[in-house]
Structures are given as structure tokens and as C-alpha cells.
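Each chain, written out:
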Amino acid sequence: MAVDTSKKNELPGWPGLEHIWLPYAQMKTAAPPLPVVRTQGSRIVLADGRELIDGIASWWTACHGYNQPHIRHTVAKQLKQMPHVMFGGLAHEPALTLARRLAALLPGNLSRVFFSDSGSVAIEVALKMAAQYWINQGQRERTQFIAFKDGYHGDTTGAMAVSDPHAGMHSIYRGLMPQHVIAELPADDASAAAIEALVTRRGGDIAGIIVEPLVQGAGGMKFHDAAVLKRLRALADKHDLLLIFDEVFTGFGRTGKMFACEAAGVTPDMVALSKALTGGTLPLAATVATRKVFDAFWSDDPKKALMHGPSYMANALACAAANASLDLFETEPRLQQVATISSAMLEGLEPCRGMPGVKDVRVKGAIGVVEMDAIDNLDALRARFVAEGVFVRPFGNIVYLTPAFTISKDELKTLTDAVVKVVRERKQ
Ligand SMILES: Cc1ncc(COP(=O)(O)O)c(C=O)c1O
């Protein structure tokens, strides 16, 4: 039977929604998206003139707020000169400058930068690099990864395969994915012993360990401490495995330090970056490898080269935006702002603790979380927040805030007050 999908969810004055496939949405029942005409600072302006205070910073990307003048100016200048040129056989100054700056900012000798265009692809590249690190040394059987329960690393096939199939929303795609090992994070002696036993048993087919350091984001905004990462580093060292940190969410100040690896005092063998890399303006990602990893590819043998090269790799506009974003981290007190946001969220969300239906309230850096026992109607809850004049996008059983670091005190209070109000009324 033919289904007429043409009429549903049209936006006033903007034909075309019937040709759009929305993310993470059952298209038949999804609430229509809100029509946005403008953004500024921490505000999203809708077509009907309403302004929403943004609690999410566009999926954790827009760390300096929207329309940041220095980023706009830098990108406009780059646009005039050269928006894009392929990165095969050619190079340009914004990419080289960015690579040099990232290498200087990251700990240890994380110093070789491979650019791509999304967090998921940065993970794919990390997995390929790790597997080939071993292939290049004659160990072809090392193709498996240890990843973690509640982990999320993206929506492409390789990234899905190292995500928790349930927390990562990907269980129905199981048949598509290579099977890896999903373990418990070594948060205590028992789980540390379990993972040690697992690696000892499996050993020879494991290429590496992949983890979101300090915060598991899309899998439930779960926090762990530096000791977990130290144990993973020790495990990787003992069994000669590569340790990959996925800092797509945690990178660029979100947990309070520039990078979670720095906060934890642990240097991985590879790190994946994206999201706030360009301050939320243009798609760009980076997989950064240590000297040790890079050296395994350094050879006269062409077969030892990394066979990867996205068309828009190191896009010049995106690299210019990322350089401008790094300028702002240097010239403006971003990490201090994160600390201020952290204290304000702790105080502002505290009233939720102990409310009926609330399981936990937690804050790390500029991430504030109210974990509910369950949320039965996410669309209704999201709409309720819009009615309060804020854009907050709960998922699973999580209501959370990840605002821009430049959000004003009053705007942040409006956000936390809205969360408290909406969470309180849910169980009345
Ligand atoms: C930790 C982590 N890794 C990878 C990704 C995937 O990034 P992208 O959506 O840019 O592909 C995400 C996205 O939310 C993420 O949070």
C-alpha cells in the first residue's frame, strides 16, 4: 500500500520537509523539528520569533556560543582565499598550523594528526590505524578491540561495533558489525581482575582498548574517575595493547581541562577529536597518534601506508575555524568559565536530588545530569522544555545540560530552573 508521507510535518513557509530524513527519529510519529532562523550566543531563534536558551550547544559542539565573531571573521577570510582543496598531494597552512597546535596541546608525544570530517570517522580511522599497527608488524590476527558497556563511539559500522549495542542504540544492526569484546570498565578491584583475566585469556587477537575518558556521553552521561583510565593504561602496557581515547565529547574543555586525558594524567596511544574542535561551526575531526604508532607505518613498503583519505579531509574552512577556536581558548578564560558553570549547575540542579523519579544528580565540568528512573515520553518532555523557553534534549532516562562555555549566569539559571521545574512536575 502506498503511504502518503508528503503532508506530514510541513513547516510553515518552508516546503521540503517531506524530502528530509531526520536523525534518530521514527519519521511517522516524530514531532516536527523546530524551524530555526538564527542563532546568537546561547540563543536559538525560531521562525515565529520565539527565542530558546540552548542547553545542549548543538550536540556539544558550540563551546563558544553561536556566531562567535572571531570564528566568523576567520572563516570569512578563509572563504575568500580558498574554501577547500583536496589533501591528497596538496597541503595548506590552516591544516598544518592546526596539526602543530593540536600536537602541542596534547600530552606526551601524541603528535601525528590525521584529519577527517566527523567523530564517527575519526573513530573508524583510529580502529584502522590500530589494526594496521599490528598488521605492519606481521600480527594480522590482532583485529579485535576491547570496548565498554555504556560506551558510544558513533554511528558508522566500525564505530557502532565498539559501542555498547544497547546503550549505543545499535542492537538491531548487530548482523552488520564485526564482533568485539564489550567489557565492564575497571572501576573496582573485581572489574579490574575480570578485564585482566579476559585479556590474558584472549591476548593474541586483541589490537587495542577504546574508551571515552572520564565521561561516557551518549550511553548515559556516566562518569568515572582517573583511576579507571590509569588501570587501562597499565593493562595496555602490560599486554602490549594500544589504548585509544575517544575525546570527541570530552575534548576542548568540556570536563574542566582542555582534554580528559590531561585531567586524568594518562596519555593514550591515539586520541579522536571532533565536535568542539571547530567551536561548533564546521565539520572536522582528527585522529592523533603517538610517535610509536606512526613509526609502525614508516617504511619503504607502500603496503604499510594507511589507506584512508576522505574527500573533505582537512577542509580549509574547517581548519581555519578550528584555529580560531583554539585562539579563543588561549585568549579568553574558557576553562575558568567551565569551572563557574560547574558550580552553578551543582547548585542549580541540586533541588532535583531526592525528587520522586530521580535516580541521581551529577555534574562534571560543564556537564550537568539528572538521571531519572525512566522517561516514558521523550517527545512530550522535550516539548515541555520548549514551552519553558529552553532547548533541552533528554534521551533514554537522562535529562542533561551541556551549555556553551560563554553562557551568561542568568541564562544558565533559566536552564537549571527549567530542569528543576519540569522534573518536579513530572511526578506530581
Ligand atoms: C564520544 C563520541 N564519539 C563519537 C561520536 C560520533 O561523532 P559524530 O556524530 O560527529 O560522528 C560521538 C557523537 O556523539 C560521541 O559522543
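Residues numbered from 1 in each chain as written. Predicted model: local features only at pLDDT ≥ 70, side-chain atom pairs only at ≥ 80, totals over all residues. Heavy atoms only, no water.

Student: Before we move on, could you go through the nonpolar core and cite the residues and values that matter?
Tutor: As a rule of thumb, soluble globular proteins bury nonpolar side chains together. In this structure, L102, F115, I146 and F252 are the most contacted members of the largest nonpolar core, which totals 119 residues. Counting residues per element, this core draws most heavily on helix α4 (residues 119–135), at 10 residues. In terms of domain composition, this core takes at least three residues from each of domain 1 (17–68 + 333–425) and domain 2 (70–331). If sequence neighbours within four positions are ignored, F115 has contacts with A95, L98, A99, L102, L284, A285, A286, P310, M313 and A314. Ranked by size, the runner-up nonpolar core spans 7 residues in total, among them L52, A57, A62 and V386. (Core = buried A, V, L, I, M, F, W, Y, C linked by side-chain atoms within 4.5 Å. Buried < 20%, exposed > 50% of the residue type's maximum accessible area, 1.4 Å probe, protein only. Helix = DSSP H or I, 4+ residues; strand = E, 2+ residues; numbered from the N terminus. Domains from an automatic or database assignment. Contact = heavy atoms within 4.5 Å.)

Student: Residue-level account of helix α2 (residues 69–81), with values.
Tutor: Compared with an ideal rise of 1.5 Å per residue, which puts 13 residues at 18 Å, α2 spans 19 Å between its outermost C-alpha atoms and is within 8% of the ideal. Residues of α2 that are buried: I71, T74, V75 and Q78. Along the axis of α2, the buried positions cluster into a sector of 95 degrees, meaning they face one direction only. Counted as exposed and oriented over 90 degrees from the buried face of α2: P69, H73, K77 and K80. Next to the buried residues of α2 lie α3 (93–105) and α10 (316–331). (Expected span 1.5 Å × (residues − 1). Arc of directions from axis to C-beta.)

Student: Explain the sheet that holds strand β5 (residues 144–148) to me, and be specific about the residues and the numbers.
Tutor: In spatial order, the strands read β4-β12-β11-β10-β7-β5-β6; together these 7 strands make up an open sheet with mixed pairing. Every other strand in the sheet has two partners, leaving β4 (110–116) and β6 (181–183) as the edge strands with one partner each. Mean inter-strand twist for the sheet, computed between neighbouring axes without regard to direction, equals 20 degrees. Of the pairings in the sheet, the one linking β5 to strand β7 (residues 206–211) comprises 3 bridges and is parallel in character. Across the sheet, residue F145 finds its bridge partner in β7, namely G208. Across the sheet, α4 lies against β4, β5, β7, β10 (242–246), β11 (270–273) and β12 (285–290), angled at about 25 degrees from β12, the strand it touches most. Across the sheet, helix α7 (residues 226–239) lies against β5, β7 and β10, angled at about 170 degrees from β7, the strand it touches most. (Pairing = 2+ DSSP bridges. Axes fitted to C-alpha atoms, helices over the stretch in contact; angles between N-to-C directions.)

Student: Got a sec to walk through the environment of I398? Specific residues and values, please.
Tutor: Along the polypeptide, I398 turns up in strand β16 (residues 398–401). Beyond its immediate chain neighbours, meaning those up to four positions away, I398 contacts G220, M221, R362, V369, V370, E371 and I375.

Student: Could you give me a rundown of the site of the ligand, with the residues and numbers involved?
Tutor: What surrounds the ligand is the set W60, S118, G119, S120, Y152, H153, G154, E212, D246, V248, F249 and K275. S120 has a polar side-chain atom sitting 2.6 Å from an oxygen atom of the ligand. Separating an oxygen atom of the ligand from a side-chain N or O atom of K275 is a distance of 3.1 Å. When the ligand sits alone it has 390 Å² of accessible area, and the protein chains cover 83% of it. (Near = heavy atom within 4 Å. Polar contact = N/O pair within 3.5 Å; in protein donor to acceptor, adjacent residues only side chain to side chain. Areas by Shrake-Rupley, 256 points an atom, 1.4 Å probe, with all protein chains shown as cover.)

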